[in-house]
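Structural overview for review
If you want the building blocks of each chain, they are given just below.
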Amino acid sequence: MEKYFWQNKWVFILAAVWSAAGLWNLWRFPYQVYKYGWGSFIVAYLIILFLLGIGLLIWEIAFGQYTQKWAPEAFWQVSKYLKWVWWAAIFTGAVILTYYAVVIWWWIDYLWYSIKALFWWTLPWADNAKDFFFNNVLHLTKWISNSGSVSIPVLLWTFAAWILIYLFTFKSTKSVGKVVLVTATLPFITLLVLAIRGITLPGAMEWLKYLFSFNKDLFFSLELWKAAAWQIFFTLSLAMGIMIAYWSLKKPDSEIVNSTVLVAIWNTLVSFLSAIAVFSTLWYLAVKSGVWVDKVVDAWPGLVFVVLPKTIALLPAFQALFAVIFFITVFALAIDSAMSSIEAVSRAIRDKFENVPVEIITLIVSVILGLGSLLYVFGNGLYILDIVDHFITSWSMLFIWVIEALVFLFIGKKLISFILERNSCKLKFLFNKYYFWLSFALNVVVLGYLLILNLKKWIAYGWYPDEYLLMYGVYVIVGIYALAILINIVDILTSKKK
Ligand code: PFF
């Protein structure tokens with residue numbers, strides 16, 4: 001019997017919600033809303049969430065709960081030749097974690113400066129936030145081929161980020177369950193306060209009107225729908241083995257649909273709050289500097305590391321205090337997702353080495369992934385991070401989503417009756433067996449289509465050998481899949497012998 005069951009339903013829901021709600025809610029969602037117009041983006045977002053996202057999330061969850069196994073082992077029960085796909089899912093999550101941890105150190109760095117400013121100095125990015133981020137924090141080189149050097153503080157902060165991740169997860173659900181009570185509550189409260197403050201700022205009606213605009217042309221564009229689908233699948237932490245691992249630590253008879261819908265809605269709410277908080281702040285900055293909002297808005301990483309810190313520095317009072325609260329909030333947002341990812345990896349290994357204490361396994365995983373983070377701590381780290389992130393999200397994750405949807409379609413009947421027996425949702429009439437079949441089919445078609453689009457784009461783009469740096473992304477993907485297939489082969493061979 002797994003001794004790391006969640007303490008209770010609420011701790012578990014908090015952990016799942018805040019695994020889902022992460023940095024993408026804070027920096028990507030507000031940007032998409034701005035780019036496509038809130039009205040148009042939200043409609044597409046909600047349709048995809050209902051028809052595809054919640055469906056896929058419910059199956060991952062039901063599957064974890066049904067098999068009581070972590071992802072690869074659970075899929076071994078469907079077919080032993082499929083196990084590699086979920087090893088690949090777990091490794092994909094692990095690679096994401098290697099750069100997520102680096103982003104966490106950027107935050108710790110900002111937090112450290114803010115704490116210092118609280119006592120002695122002013123915020124050091126007040127004069128030039130861009131220069132501060134790219135030069136002081138990242139030591140960014142001009143070209144990706146120039147790796148620059150690692151500064152000692154950078155190394156120390158990365159180390160600090162990993163120590164924190166380890167300390168928060170070393171006893172699996174027992175420590176995650178406690179930490180999450182703080183790290184989940186805090187960002188929610190601060191985002192709520194920021195959003196309320198934003199709505200009550202003078203001139204708020206103007207940006208609200210702007211945000212809620214419905215752009216008909218954009219609404220019918222493929223780009224908008226793709227962006228919404230990606231936002232949902234990524235923020236729901238699908239295809240990383242996370243939700244399967246989390247839910248496999250729940251008792252097999254627990255309710256499923258209610259909790260899943262709650263996780264999806266809560267995650268969306270965090271995105272909405274972030275968009276309101278971020279936009280009201282940007283509007284404030286634009287008005288204050290007398291420029292159109294277009295001039296201050298920026299995509300990742302500029303939005304969260306340049307524009308928002310700059311806006312904080314422009315506040316009339318208590319800038320340092322505000323900065324401390326803001327950076328703790330973002331840190332809390334990021335750390336919950338990181339914790340869930342490490343739990344998925346360590347749970348996978350725990351099942352293989354049952355006699356090794358969980359603390360040791362988590363330590364080994366943290367050290368290995370921590371070493372992986374070193375790839376991004378040089379002066380060209382941001383470029384490499386961007387490339388790896390692109391390959392991971394647009395290839396590896398998409399591929400796993402497609403296979404996952406196909407597998408769920410294949411075992412649909414069994415899974416649907418398992419889910420329906422554990423459905424006490426008030427919207428039961430919506431989440432009936434027809435919903436699930438429709439959602440299975442739509443997921444296969446839509447995700448398959450996205451994969452084909454990606455392939456077409458890749459072929460049209462061609463292959464330029466001089467862009468050898470893209471190879472970082474290719475190496476990572478090939479490494480993930482080679483290792484996953486190798487483990488699968490070893491498993492098949494050793495299981496025959498048993
Ligand atoms: N849902 C998370 C987010 O939106 O940031 C996705 C995630 C990222 C999960 C990194 C886990 C992780 F380590």
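Here, every reference points to the structure presented above.
First, a word on scope: everything that follows refers to the structure included in this document. The model shown is predicted, which means the values in this text are computed figures rather than measured ones. All residue numbers refer to position in the chain's written sequence, counted from 1. Only residues with pLDDT of at least 70 are given local features in this predicted model, and only at 80 or more are side-chain atom pairs given and counted; all residues enter the totals for whole chains, interfaces and linings. Hydrogens are left out, water is left out, and the side-chain values use all remaining heavy atoms of the structure.

**Quick word on the overall build of the chain**
If you tally the helices and strands in the chain, you get 21 helices and zero strands. Relative to the 2.2 N^0.38 estimate, which gives 23 Å for 498 residues, the radius of gyration of the chain is 22 Å and therefore close to what a compact globule would have. Seen along its three principal axes, the alpha-carbon backbone of the chain occupies a region of about 70 × 50 × 50 Å. Surface accessibility follows the Shrake-Rupley procedure with a 1.4 Å probe radius. Residue values consider only the protein chains on display as shielding. On the chain, roughly 21000 Å² of surface is accessible, and the fraction owed to carbon and sulfur atoms is 70%. His is not counted here, nor are the chain ends, while Lys and Arg score as positive and Asp and Glu score as negative. One atom stands in for each charge, and that atom is NZ of Lys, CZ of Arg, CG of Asp or CD of Glu. For the chain, the separation between the mean place of its 36 positive charges and that of its 25 negative charges on side chains is 6 Å. Numbering goes from the N terminus for both helices and strands, where a helix is a DSSP run of H or I of at least four residues and a strand is a run of E of at least two. Here the globule rule is a power law, 2.2 Å times the number of residues to the power 0.38, and the radius of gyration is based on C-alpha atoms.

**Things to note about the site of the ligand**
Taken together, 17 residues lie around the ligand, and Ser19, Ala20, Tyr100, Thr235 and Ser237 are the ones closest in. Here a nitrogen atom of the ligand sits 3.1 Å away from a polar atom, N or O, in the main chain of Ser19. The separation between a nitrogen atom of the ligand and a polar main-chain atom of Ala20 is 2.6 Å. Here the ligand, which alone exposes 340 Å², has 100% of that area covered by the protein. Breaking the shell around the ligand down by element, the ones donating at least two residues are helix 1 (9-20), helix 2 (23-36), helix 5 (83-119), helix 11 (222-235) and helix 16 (319-352). Broken down by class, the residue content of the shell around the ligand amounts to 10 nonpolar, seven polar and no charged. Residue proximity to a molecule or strand is established when one non-hydrogen atom of the residue lies within 4 Å of it. Throughout this description, a polar contact denotes any pair of N or O atoms lying within 3.5 Å of each other; where both atoms belong to protein, one of them has to be capable of donating a hydrogen while the other can accept it, and for residues adjacent in sequence the pair is counted only when both atoms sit in side chains. Ten residues, namely Ala, Val, Leu, Ile, Met, Phe, Trp, Tyr, Cys and Pro, are considered nonpolar, four, namely Asp, Glu, Lys and Arg, are considered charged, and the remaining ones, Gly among them, are considered polar.

**Details of helix 19 (residues 412-420)**
The complete set of buried residues in helix 19 reads Gly412, Leu415, Ile416, Phe418 and Ile419. Around the axis of helix 19, the buried residues are gathered within 160 degrees of arc, so they sit on the same side. What points out from helix 19, more than 90 degrees from its buried face, is the exposed set Lys413 and Lys414. The criterion used for residue contact is that any of the two residues' heavy atoms lie within 4.5 Å. Check the buried side of helix 19 and you find it contacts helix 3 (38-67), helix 13 (257-289), helix 18 (381-410) and helix 20 (433-461). Only protein chains enter the accessibility calculation, which uses a 1.4 Å probe. A residue is then buried if its area is under 20% of the maximum for its type, exposed if over 50%, and partly exposed in between. The arc in question is traced by the directions running from the helix axis to the C-beta atoms.

**Here's the deal with the packing of helix 8 (residues 173-200) against helix 16**
Running from amino to carboxyl end, helix 8 crosses helix 16 at an angle of 140 degrees, the nearest separation of the two axes being 9 Å. Overall, the two elements helix 8 and helix 16 adopt an arrangement that is oblique. Crossing geometry of helix 8 relative to helix 16 is assigned as left-handed. Every residue of helix 16 that contacts helix 8 at Thr173, Val176, Val179, Val180, Thr183, Ala184, Leu186, Pro187, Thr190 and Leu194 is listed here: Phe322, Ile325, Phe326, Ile328, Thr329, Ala332, Leu333, Ile335, Asp336, Met339 and Glu343. Taken together, the residues of the contact of helix 8 with helix 16 sort by class into 15 nonpolar, four polar and two charged. Each axis is a line fitted through C-alpha atoms, and for a helix only the stretch in contact is used; angles between axes span 0 to 180 degrees, taken between their N-to-C directions. Throughout this description, any angle smaller than 35 degrees is read as roughly parallel, any larger than 145 degrees as roughly antiparallel, any in the 65 to 115 degree range as roughly perpendicular, and the remainder as oblique. Left-handed describes a crossing whose near helix is turned anticlockwise from the far helix through less than a right angle; right-handed describes the clockwise counterpart.

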